[in-house]
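# A closer look at the structure
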Amino acid sequence: MKLLEDRIIQTGRIINNEILKVDNFLNHQIDVNLINEIGKDIASIYPNANKVVTIETSGIAIAYATSLALNNCPLVFAKKQASKITSNNNYTAKVKSFTKSVTYDISIDKSYLNKGDKIVIVDDFLANGNAGVGLVELIRQSGAEILGFASAIEKGFQGGRENIERLGIKVYSCAIIKAFKDNKPVF
């Protein structure tokens, strides 16, 4: 998606040839017009999805835009922490965060995932694929059909695509970065 690639080049920052910082438009401050275009792009790849699933927090805006583009289908996000109102009737999995080096127990209430659901998993980034793998594991517990995984930005050199495809899941990314060279992205 050229629009996203151009924005990464214009305003993204690469730290130590490892971390891509795009929080000025993707996941801290959000450019809603760009996010809506990303959602439309993902929806065009998975037009038969009737539910969108993501993990809190950074993937929610993109998942929302995708849900909107899929005629307002339900959006469900996996929670990283239980609260006083969280039920004990959940699907759960473990996910290690690449950027925070923390392992979370993620969960979704069983009433929100059903056997007849056709799900697209959406996230802001695909790096090593831990979030995607965890969400696949969690959704498979429900018996729902996973149509695929989609990310706004993929760091193609970190193996996340392979980790998710190894589970038999189709992967789509709006922008794929092949490498960082001299703190600049190579698409």
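Throughout what follows, the structure given in this document is the object of discussion. (Residues numbered from 1 in each chain as written. Predicted model: local features only at pLDDT ≥ 70, side-chain atom pairs only at ≥ 80, totals over all residues. Heavy atoms only, no water.)

## Remarks on the pairing of strand β3 (residues 51-55)
- Of all 5 residues in β3, 5 are buried, a share of seventy percent or more.
- Neither face of β3 is open: one carries Lys51, Val53 and Ile55, the other Val52 and Thr54, and all of them are buried.
- By the bridge criterion, 3 bridges tie β3 to strand β7 (residues 118-126) in an arrangement that is parallel. Residue pairing across strands places Val52 opposite Val120, the latter belonging to β7.
- In terms of strand pairing, β3 meets strand β4 (residues 75-78) through 4 bridges, oriented parallel. By the bridge assignment, Val52 is partnered in β4 with Leu75.
- Taken together, β3, helix α3 (residues 60-69) and β4 constitute a β-α-β crossover, and its handedness is right-handed. (Buried < 20%, exposed > 50% of the residue type's maximum accessible area, 1.4 Å probe, protein only. Helix = DSSP H or I, 4+ residues; strand = E, 2+ residues; numbered from the N terminus. Pairing = 2+ DSSP bridges. Right-handed = clockwise from strand over helix to strand, strands pointing away.)

## Observations concerning the pattern of salt bridges
- If you walk through the whole model with that rule in mind, you get 9 salt bridges.
- Here Asp31 and Arg7 are joined by a salt bridge, their closest N and O atoms 2.5 Å apart. A residue pair is termed long-range when its members are at least 10 positions apart, and Asp31 in the loop between β2 (19-21) and α2 (32-45) and Arg7 in helix α1 (residues 2-11) qualify at 24 residues.
- One salt bridge connects Glu165 with Arg161, and the closest N-O pair in it is separated by 3.4 Å. With Glu165 and Arg161 both in helix α5 (residues 160-165) and 4 residues apart, the pair spans about one turn of that helix.
- The class for Glu165 is partly exposed, based on a relative accessible area of 36%.
- Via salt bridges that share partners, Glu154, Arg161 and Glu165 belong to a single interconnected network. (Salt bridge = Lys/Arg side-chain N within 4 Å of Asp/Glu carboxyl O.)

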